[in-house]
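# Structural characterization, general
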Amino acid sequence: MTEITFNITVDGENDDPLFDATAVDDMIDSTRTQIRQHILKRVGDLKCDQHAQAARVIVSGTYSLESEQLEIQYGIEACCNAMIMKTAALLGKM
Ligand SMILES: [Zn+2]
C-alpha cells in the first residue's frame, strides 16, 4: 500500500477570533483526510511491475492564514524512475 507522509505548515498571523488554532487544526485535518483519500484512490494499490514495491508520496504544503489558500506539492519516492513516473502520471494535478 502506498505510504503517505504529510508536511503541512501554517503561515501568517491569525487575527480572526472565530477561527482559532483549533479550527485551523480541524480544517487541516480534514484537508489531510481528503488528500489521503484522493491519493489512495489513484495509486493506493499501485506497485512497481519490476520490483513489486509501492511508492511513497510526500505531501508538502503551506496554508496561508492571510490568503486562506493551501498550496500543495507532491513528492514521490519509489524503487525506480519508472515507478516514480507512473505514480506521478496517475496522481496528476489536484
Ligand atoms: Zn521499481
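These remarks concern the structure in this document. Because the structure is a prediction, the values reported are computed rather than measured.

### Examining the nonpolar core
Membership of the largest hydrophobic core is limited to eight residues, which are Ile35, Ile39, Val43, Ala55, Val57, Val59, Ala78 and Met83. Residue assignment for this core shows that the elements contributing at least two residues are helix H1 (21-43) and strand E2 (56-64). Ranked by residue count, the leading element in this core is H1, at three residues. Once you skip the residues sitting within four places of it in the chain, Val43 turns out to touch Thr2, Ala55, Thr87, Leu90 and Leu91.

### Brief notes about the packing of H1 against helix H2 (residues 81-91)
To describe two helices that pack against each other, one gives the angle between their axes and the distance between the axes. Interaxial distance between H1 and H2 falls to 9 Å at its minimum, and their mutual angle equals 120°. It follows that H1 is oblique to H2 by the angle criterion. Here H1 runs over H2; the crossing is right-handed. Here Ile39, Arg42 and Val43 of H1 lie close against H2, whose contacting residues are Thr87, Leu90 and Leu91. Looking at the contact of H1 with H2, its residues break down into four nonpolar, one polar and one charged.

### Let's talk about the sheet that holds strand E1 (residues 3-11)
A sheet is described by the order of its strands in space; here three strands give the open sequence E1-E2-E3, paired in mixed fashion. The open sheet terminates on both sides in strands that have one partner only, identified here as E1 and strand E3 (69-77). With direction set aside, neighbouring strand axes in the sheet form an average angle of 15°. Bridging between E1 and E2 involves nine bridges; their strand directions are parallel. Bridge pairing in E2 links Ile4 to Val57. Each of E1, E2 and E3 touches H1; the most contacted strand, E1, lies at about 150° to it.

How each quantity is defined
- Going along each chain's sequence as written, the residues are numbered from 1 onward.
- Totals for whole chains, interfaces and linings use all residues, but because this is a predicted model, local features are given only for residues with pLDDT of at least 70 and pairs of side-chain atoms are given and counted only at 80 or more.
- For the purposes of this analysis, a nonpolar core is taken to be any set of buried Ala, Val, Leu, Ile, Met, Phe, Trp, Tyr and Cys residues that are connected through C-beta atoms within 7 Å.
- In this scheme the burial state of a residue depends on its C-beta neighbours within 10 Å: 20 or more other such atoms mean buried, 12 or fewer mean exposed, and anything in between means partly exposed; the C-beta positions come from the backbone.
- What counts as a helix is a DSSP run of H or I of at least four residues, what counts as a strand is a run of E of at least two, and both are numbered from the N terminus.
- Any pair of residues counts as being in contact when their C-beta atoms, constructed from backbone geometry, are within 7 Å of one another.
- Angles here are taken between N-to-C directions and fall from 0 to 180 degrees, while the axes themselves are lines fitted to C-alpha atoms, restricted in helices to the stretch in contact.
- Orientation labels follow simple angle bins: below 35 degrees gives roughly parallel, above 145 gives roughly antiparallel, 65 to 115 gives roughly perpendicular, and whatever is left gives oblique.
- Note on convention: the crossing is left-handed when the near helix lies turned anticlockwise from the far helix by less than a right angle, right-handed when the turn is clockwise.
- Charged residues are taken to be Asp, Glu, Lys and Arg, nonpolar residues to be Ala, Val, Leu, Ile, Met, Phe, Trp, Tyr, Cys and Pro, and polar residues to be all remaining types, Gly included.
- Paired strands are those between which DSSP finds at least two bridges.

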